[in-house]
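Coordinates in review
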Amino acid sequence: MNILVIHGPNLGLLGKREPEIYGSRTLDDINALLSEEAAGREDVSLEFFQSDSEGGIVGAIQGALGRIDGILINPAAYTHTSVAIRDAILSVGIPTVEVHISNIHKREEFRHTSFVSPVAEGVVSGFGPESYLLGMRGLVGHLVKGK
């Protein structure tokens, strides 16, 4: 199964950006963690995409149609603002899991609302980079069960 991992805006600065919230691991560290997990399964291949642009993320989601089995997405700040990303996920019909490094419900009030959650199979937040691993495991399990 092919999984597209999408990292949203400012995640390219992980390790430098607000380490008290996001920790010291970089985006490359998170991708390596996911790649290591996928390497333990012969049936999982990963593709990584990061963009600070809403349009770039929408394009990646649309481009997944017909070639990707599942999407693991951290929409970052677009979680709370992007109807376009929500609609793209809904329109391609690819099972999607939303992940966040921090617990968005323990942060500012405006972060408590997600436009993506209602169209996602599940949401994992608050476990640091482990949120990605937990999300990927949940997505793989969902995809296997659906076959």
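Everything below is about the structure printed above this text.
Let us look at the structure shown here.

Rules used throughout
Residues numbered from 1 in each chain as written. Predicted model: local features only at pLDDT ≥ 70, side-chain atom pairs only at ≥ 80, totals over all residues. Heavy atoms only, no water. Helix = DSSP H or I, 4+ residues; strand = E, 2+ residues; numbered from the N terminus. Expected span 1.5 Å × (residues − 1). Buried < 20%, exposed > 50% of the residue type's maximum accessible area, 1.4 Å probe, protein only. Contact = heavy atoms within 4.5 Å. Pairing = 2+ DSSP bridges. Axes fitted to C-alpha atoms, helices over the stretch in contact; angles between N-to-C directions.

1. Let's talk about helix 5 (residues 130-146)
Taking 1.5 Å as the rise per residue, helix 5 with 17 residues should run 24 Å; its terminal C-alpha atoms sit 24 Å apart, in good agreement. Buried within helix 5 are the following residues: S131, Y132, L133, G135, M136, L139, V140 and L143. The secondary structure elements touched by the buried residues of helix 5 are strand 1 (2-7), helix 2 (27-39), strand 2 (45-50), strand 3 (70-74), strand 4 (96-100) and strand 5 (122-125).

2. Describing the sheet that holds strand 2
The parallel open sheet is built from 5 strands, whose spatial order is 2-1-3-4-5. The strands lining the two open edges of the sheet, one partner per strand, are strand 2 and strand 5. Adjacent strand axes in the sheet meet at a mean angle of 20°, parallel and antiparallel pairs treated alike. Its contacts with the sheet place helix 5 against strand 1, strand 2, strand 3, strand 4 and strand 5, and it is angled at close to 160° to strand 3.

3. Digging into unusual backbone geometry
Residue N10 is not a glycine yet carries a positive backbone phi of 70°. Checked against the element boundaries, N10 lands in the loop between strand 1 and helix 1 (19-22). Positive phi outside glycine occurs at A76, with the angle close to 50°. Within the secondary structure layout, A76 lies in the loop between strand 3 and helix 4 (83-92). With relative accessibility at 15%, the residue A76 sits in the buried group.

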